[in-house]
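Remarks on the overall topology
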Amino acid sequence: VQLQASGGGLVQAGGSLRLSCAASGRTFSSYAEGWFRQAPGKEREFVAAISWSGGSTSYADSVKGRFTISRDNAKDTVYLEMNSLKPEDTAVYYCAAKRTRLTITGRSANWYEDWGQGTQVTVSS
């Protein structure tokens, strides 16, 4: 599946952004999805994940309570709603997909098969 991430930008601390990841090429509803991020000089880290049906979600401790992952299978799109943003949330955000109809989520980048190109999120203090 091909993935296209969008919605990044520059925002002040405490602000909000909503990222989108649009999929094409395969049956989107057969894929679990995840969001990862990578800050300069750091390794890519897990942010959030959602199962193919949306019935299961998972979050990194650093974003729990501030970020919400959701999906609209009719629109072949996954969203990441980010609230109460902090400067440490600054990174390139990537969406990823794994073909599975199991109600599970993946927290490891190696579990995913397809990746989008990334969208920059910058949070100023």
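You'll find the structure just up there.
Starting afresh in each chain, residues are numbered from 1 along the sequence in its written order. With the structure being a predicted model, the display of local features is reserved for residues of pLDDT at least 70 and the display and counting of side-chain atom pairs for 80 or more, all residues being used for whole-chain, interface and lining totals. To obtain the side-chain values, all non-hydrogen atoms of the structure were included, while hydrogens and water were left out.

1. So, the side chain of Glu33
Keep this limit in mind: Each helix is a run of H or I in the DSSP string that is no shorter than four residues. Each strand is a run of E no shorter than two, and both are numbered from the N terminus. Burial classes: relative accessible area under 20% of the type maximum marks a residue as buried, over 50% as exposed, and values in between as partly exposed (1.4 Å probe, protein chains only). A residue counts as positive if it is Lys or Arg and as negative if it is Asp or Glu; His and the chain ends are not included. We define a salt bridge as a contact between a side-chain nitrogen of Lys or Arg and a carboxyl oxygen of Asp or Glu at a distance within 4 Å. Any pair of residues with heavy atoms lying within 4.5 Å of one another is described as a contacting pair.
Structurally, Glu33 is set in strand S4 (residues 31-38). Despite its burial, Glu33 remains without a salt bridge, the nearest opposite charge being carried by Arg71 at 4.8 Å. If near-sequence neighbours (up to four positions away) are discounted, Glu33 is found in contact with Leu3, Cys21, Phe28, Ala48, Ala49, Ile50, Ile69, Arg71, Val78, Ala96, Ala97 and Tyr112.

2. Describing the pattern of salt bridges
Scanning the entire structure with this criterion turns up 5 salt bridges. Between Lys64 and Asp61 there is a salt bridge, with its nearest N and O atoms 3.3 Å apart. The partner of Arg66 in a salt bridge is Asp89, with the nearest N and O atoms 2.8 Å apart. You can see Arg66 sitting in the loop between strand S6 (57-59) and strand S7 (67-72) and its partner Asp89 sitting in the loop between strand S8 (77-82) and strand S9 (91-99), a full 23 residues away along the chain. Here Arg66 and Asp89 have matching classes, each one buried. Here the residues in one salt-bridge network are Arg37, Glu45, Arg66 and Asp89, joined through shared partners.

3. Some words on the state of the cysteines
What makes a disulfide is a covalent bond joining the sulfur atoms belonging to two cysteines. So the rule is basically this: Note on disulfides: each one is a pair of cysteine sulfur atoms within 2.5 Å.
Summed over the entire model, instances satisfying the criterion amount to 1 disulfide. Through a disulfide, Cys21 is tied to Cys95; the S-S separation comes to 2.2 Å. In this structure, the disulfide formed by Cys21 and Cys95 twists by about 70 degrees around the S-S bond and is classed as right-handed. Remark: Cys95 occurs in strand S9 and Cys21 occurs in strand S3 (residues 17-24); sequence separation between them is 74 residues. With respect to burial, Cys21 and Cys95 carry one shared label: buried.

4. What about the layout of surface pockets?
What counts, and what does not: Lining residues are defined by having an atom within 4 Å of a point belonging to a cavity or pocket. Those points lie on a 1 Å grid over the protein atoms alone, cavities being sets where a 1.4 Å probe fits but cannot get out and pockets being open sets with protein on both sides within 12 Å along at least five of seven lines. Grid points are joined across faces, edges and corners, and a volume is the space filled by probe spheres set on the points. In this classification, Asp, Glu, Lys and Arg are treated as charged, Ala, Val, Leu, Ile, Met, Phe, Trp, Tyr, Cys and Pro as nonpolar, and every other residue, Gly included, as polar.
Taken as a whole, the largest pocket encloses approximately 160 Å³ of empty space. In terms of lining residues, the largest pocket is bounded by 13 residues, among which Arg37, Lys42, Glu45, Glu88 and Asp89 are the most central. Among the residues making up the lining of the largest pocket, the classes are represented as 2 nonpolar, 3 polar and 8 charged.

5. What to know about the nonpolar core
Quick note on the threshold: Among the buried residues, those of types Ala, Val, Leu, Ile, Met, Phe, Trp, Tyr and Cys that are joined through side-chain atoms within 4.5 Å form a nonpolar core.
One finds Trp35, Val47, Phe67, Ile69, Leu80, Met82 and Tyr93 to be the most contacted residues of the largest nonpolar core, which totals 35 residues. When sequence neighbours within four positions are dropped, the list of residues in contact with Phe67 reads Arg37, Val47, Tyr59, Leu80, Glu81, Met82, Asn83, Leu85, Asp89 and Tyr93.

6. Regarding the packing of aromatic side chains
Worth spelling out the cut-off: The aromatic pairing rule takes the rings of Phe, Tyr and Trp, using the six-membered ring of Trp, and pairs them if the centres are within 6.5 Å, calling planes under 30 degrees apart stacked, those over 60 edge-to-face and the rest tilted. For a ring to carry a charge above it, either NZ of a lysine or CZ of an arginine must fall within 6 Å of the ring centroid while also lying within 35 degrees of the normal to the ring plane.
Under the criterion given, the structure shown has 5 aromatic pairs. Aromatic pair Phe36 and Tyr112: ring centres 5.4 Å apart, planes at 80 degrees, arrangement edge-to-face. On the criterion of sequence distance, the pair formed by Phe36 in strand S4 and Tyr112 in the loop between S9 and strand S10 (114-115) is long-range, its members being 76 residues apart. Accessibility classification places Phe36 together with Tyr112 in one group, the buried group. Linked through ring pairs, Phe36, Phe46, Trp111, Tyr112 and Trp115 together constitute an aromatic cluster. Looking at Arg44, its charged tip hangs above the ring of Trp115, at a distance of 4.8 Å from the centre. When the ring centre of Trp52 is taken as reference, the NZ or CZ atom of Arg101 above it lies at 3.7 Å.

7. Notes on the environment of Thr90
The condition that has to hold: Definition of a polar contact: a pair of N or O atoms within 3.5 Å, with one able to donate and the other able to accept a hydrogen when the atoms are protein atoms, and with sequence-neighbouring residues admitted only if both atoms are side-chain atoms.
Relative to the assigned elements, Thr90 resides in the loop between S8 and S9. Sequence-distant contacts of Thr90, defined by excluding residues within four places in its chain, comprise Ala39, Gln120, Val121, Thr122 and Val123. In this structure the side chain of Thr90 is engaged in a polar contact, spanning 2.9 Å, whose partner is the backbone oxygen of Pro87.

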